[in-house]
Each structure stands twice: as C-alpha cells, then as structure tokens.
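# Commentary on secondary and tertiary structure
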Amino acid sequence: MSSTTVRTARRRTLRVAAAALTAAAALGLTACSGSDPAGVKPVGHTAAAGAGGAGFAVESGGTGSSAAAQGSVSRADSGAKGEAKAGAAGKRTGGSHDATAGAASPTRTQPLPDGSKAEIHKLGAQHYRAEIVNRGSVLATLETKGGDAGLDANDMFVVLTLDGQVHAWMGGGHQGPGTFKVAGGWTVKVKKLGELHYRADVIGNEGSVDGTLEAKGHDAGLDANGVYLVLSNGGVLSAHA
C-alpha cells in the first residue's frame, strides 16, 4: 500500500473518530439538557412551592394549629376561669339565696277578712313586703318602697304601711272617675288619666289636696291619718277607718 493511501485512510479514521466524538458530545449535551429541567426543577420547585404552598400552609397550619392549640388553651383557661367565676358567683348567689331563704321566714302573720292570711316580711327600714297566702299559695304581693302600698283583691282591700302594718276590709268600693265622700269625712276626687291609669286626690276641708294616690298598671294604697284608702288600676276607690 502506498504512503498516499495510508495517509488518506488515517484522515478518514480521524474524521470518523471526530464525528463519533461530536455525536457523543451532542448526546451528552442532550442528556444534560434533558436532565436539567428535571434537575433544576424551576417548575418542579414552583410545584414544590405549590406543595410548599401546601407545605407553608401546613407550616402555617402548624402555626395555625399552634394558634388553635393556644386558642384551645386560652379557651380552656378562660373556661376554667369561667368555671371558677361561675363557682364564685354560685357561692355568692348561694349566699344571697341563703339570705333570701333566711328572709323568707315572715316577721309575722296576720289573718285577713276573706280567710287568707298576710305574711309580713321586714326587708329594711320602712321597707316591708306582705304576701297574701291562701292554702299555701301566694296570691298577691305588696311592697313598700318609699310609700304605702295597696291592693284590691277581689273586693277585699288591703293597705301595707311604711311601718309594716296591714289593714284589710271587705267592700265599700266606688267606681271612678268621680268625686266621693269616704270614711273619715274625706272627699276623694278620682280622675282617669289613661288605660289602667287613675289618680285620686284626697281633698281637705279647705279644698286643698292633702294626699294623692296614683294607680298606673298596679293598685295603690295610702294611710291618710288613720284612714286607709285603696285605688285600683281599674279606678275603684275604697276607704276604711
């Protein structure tokens, strides 16, 4: 084989080798480039950030869970405090209840004309309550709060005075409005002011108003120098000396 033929063969071999190397390099680059999107994972990281969003949500949820746990602890603490307060309130209420139970025993009991009885309780200075009781049931209650109290109990009239005295009588009612002469020589003028709202002025000898009863949604009573008057919220007036 001539030297020219040998050199040509070598050139061809080198070209083939170079081509093979180029192809191998191209394949390597393709492989690197193919693994790069998966390897770098910008999208995958975003997805991981999406999962990381879930991950952050979980972490946040963990923080939220921690906050929820703290909330639970706070609720538990406040619940415990609430129970403690409720217990304390219960004790205070119980104390009040005990005081009320103690005050439930009447100071005295007085029979009434219709066969019922009045149980009188002293609540304080010039502060009394009278319960009208029949066969163990409380039918009505009167209470003095800065003034006498009165009641029309089915034509039985009752006055509870500021000093805790009960005066009761049957009948003698006058239906107002109008002007009436009543026991003790008093003249009483009854006016209607509205629905279940009446006022009675006790007129003195010289025409002066010496006392007033006003029944607005409830009956009223008055001790007029030993003459007891009741004005009902229906405008019925009765007096007894």
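Below: a short report on this structure. (Residues numbered from 1 in each chain as written. Predicted model: local features only at pLDDT ≥ 70, side-chain atom pairs only at ≥ 80, totals over all residues. Heavy atoms only, no water.)

### Some remarks on the pattern of salt bridges
- On inspection of all chains with the given rule, the structure shows three salt bridges.
- Its salt-bridge partner being E119, residue K117 comes within 3.7 Å of it at the nearest N-O pair.
- K117 sits in the partly exposed class, given a relative accessible area of 34%.
- Given a relative accessible area of 16%, E119 falls into the buried group.
- The residue R129 makes a salt bridge to E131 at a minimum N-O spacing of 3.4 Å. (Salt bridge = Lys/Arg side-chain N within 4 Å of Asp/Glu carboxyl O. Buried < 20%, exposed > 50% of the residue type's maximum accessible area, 1.4 Å probe, protein only.)

### Description of the sheet that holds strand 10 (residues 187–194)
- With antiparallel pairing, the four strands of this open sheet are ordered in space as 9-10-11-12. In this open sheet, the two edge strands, each paired with only one partner strand, are strand 9 (178–181) and strand 12 (209–216). Across the sheet, the mean angle from the axis of one strand to that of its neighbour is 20°, orientation sign disregarded.
- Relative to strand 11 (residues 197–203), strand 10 is paired through seven bridges, and the arrangement is antiparallel. When the sheet's bridge partners are listed, G194 is paired in strand 11 with H197. (Pairing = 2+ DSSP bridges. Helix = DSSP H or I, 4+ residues; strand = E, 2+ residues; numbered from the N terminus. Axes fitted to C-alpha atoms, helices over the stretch in contact; angles between N-to-C directions.)

### A look at the nonpolar core
- Core analysis: the largest hydrophobic core is formed by 18 residues, its most contacted members being V182, V188, V190, L213, L229, L231 and L237.
- Listed in part, the 14 residues of the second largest apolar core include L112, Y128, A130 and L142. (Core = buried A, V, L, I, M, F, W, Y, C linked by side-chain atoms within 4.5 Å.)

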